[in-house]
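# Report on the structure
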Amino acid sequence: MDERFFARDVVAVAVDLLGARLLVSGIGGLIVETEAYRQDDEASHSFRGQTAGNAAMFGKPGRVYVYRSYGLHWCFNIVCERGSAVLIRALEPTHGLETMTARRAIGEARKLCAGPGNLCKALAITGDMNGLSVLADPFSLEAPSEVPASASGVRIGISKAAERPWRFAVKGSRYLSRLI
DNA sequence: TGAGTGATTTTCT
DNA sequence: GAAAATCACTCAG
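As annotated in an unreviewed UniProt entry, chain A carries the name Putative 3-methyladenine DNA glycosylase and comes from Shinella curvata. The record held by UniProt for chain A lists under Sequence similarities (unreviewed entry) the comment "Belongs to the DNA glycosylase MPG family."

See below:
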């Protein structure tokens with residue numbers, strides 16, 4: 001896994017990230033749900049060009065873009081081609097279950113990382129990590145050993161360009177934020 | 001089990 | 001001043 005993996009069309013990267021292992025400080029799991037956001041996409045933060053808040057989204061491929069959503073949640077994205085990024089929506093927890101359970105204060109493993117806000121809380125991702133490279137400390141990203149069966153669907157929680165089927169998920173996974 | 005609703009703050013227009 | 005890539009809780013069936 002290197003920078004070139006991300007220097008491609010964001011939709012292709014979103015699909016290829018399914019099944020990849022994402023760890024932050026040794027805690028994390030397999031990516032089971034992603035969404036693609038391109039610069040020419042009305043729902044994307046980068047649609048109206050670069051601003052102080054979304055500068056990371058215009059950084060080099062493989063950088064992390066973390067932003068605050070609804071004033072209380074953090075959302076974790078990986079930057080692809082200039083102005084585009086993949087939103088990581090859900091993980092299947094495999095590493096550091098105990099730590100994540102403590103951080104989330106819930107017992108159900110299938111909900112630990114279901115949803116961008118939950119995922120960031122479980123992995124202790126904050127805005128401090130905005131702009132870091134996902135290929136370096138404290139992140140760890142491994143390509144999937146086996147490409148899982150995937151499904152695509154409509155994106156969630158947005159009102160503009162919501163019809164674009166750029167949500168991708170591992171088919172049949174029990175760890176999705178919502179069934180696809 | 002599933003749908004509906006309130007909370008809350010940063011950022012841009 | 002309004003919108004926003006959500007979450008957790010409550011109530012109904």
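Following the structure, the description resumes.
This next bit is on the pattern of salt bridges. Tallying each qualifying case throughout the model produces eleven salt bridges. The salt bridge partner of E35 is R89, with a shortest N-O separation of 3.4 Å. With E35 in strand β2 (residues 27–37) and R89 in strand β5 (residues 85–95), this pair connects stretches of sequence that are 54 residues apart. E35 gets classed as buried once you look at its relative accessible area, which sits at 0%. For R89, a relative accessible area of 7% puts it in the buried group. Residues participating in the shared-partner salt-bridge network are E33, E35, R89 and R167.

Time to look at the side chain of R155. You can see R155 is positioned in the loop between β7 (150–153) and β8 (167–170). For R155, a relative accessible area of 5% corresponds to the buried category. Of note is the side chain of R155, whose polar atom sits 3.1 Å from the backbone oxygen of A36. Not counting residues up to four positions away in its chain, the partners in contact with R155 are E35, A36, Y37, D41, A43, K160, A161, A162, R164, W166 and R167.

Note that the residue after D137, namely P138, is joined by a cis bond; omega there is -5°. For P138, the location among the structural elements is in the loop between α4 (116–123) and β6 (139–142). Unusually for a residue other than glycine, A105 sits at a positive phi of about 60°. Residue classification places A105 among the exposed residues on the basis of a relative accessible area of 65%. Backbone geometry places A124, a non-glycine residue, at a positive phi of 60°.

Counting residues in hydrophobic clusters, the biggest one holds 42 residues, and the most contacted among them are L17 and F76. Of the residues forming this core, the biggest block, five residues, is contributed by helix α2 (residues 10–17). For L17, the residues in contact, after removing those within four places along its chain, are F5, F6, I31, T34, I78, V86, I88 and L141. Counting eleven residues, the second largest nonpolar core, distinct from the first, contains A43, Y67, C75 and V79.

Let's shift gears to the pairing of strand β1 (residues 21–24). Pairing geometry for β1 and β2, over four bridges, is antiparallel. Across the sheet, R21 pairs through a bridge with L30, a residue of β2. Between β1 and β2, which pair antiparallel in sequence order, lie two residues; one of them, S25, sits at a positive phi of approximately 55°. Relative to β6, β1 runs antiparallel, the two sharing four bridges.

Rules behind the numbers
Residues numbered from 1 in each chain as written. Chains lettered and ligands numbered in written order. Predicted model: local features only at pLDDT ≥ 70, side-chain atom pairs only at ≥ 80, totals over all residues. Heavy atoms only, no water. UniProt positions renumbered as here; feature names shortened; annotations may be inferred. Salt bridge = Lys/Arg side-chain N within 4 Å of Asp/Glu carboxyl O. Helix = DSSP H or I, 4+ residues; strand = E, 2+ residues; numbered from the N terminus. Buried < 20%, exposed > 50% of the residue type's maximum accessible area, 1.4 Å probe, protein only. Polar contact = N/O pair within 3.5 Å; in protein donor to acceptor, adjacent residues only side chain to side chain. Contact = heavy atoms within 4.5 Å. Core = buried A, V, L, I, M, F, W, Y, C linked by side-chain atoms within 4.5 Å. Pairing = 2+ DSSP bridges.

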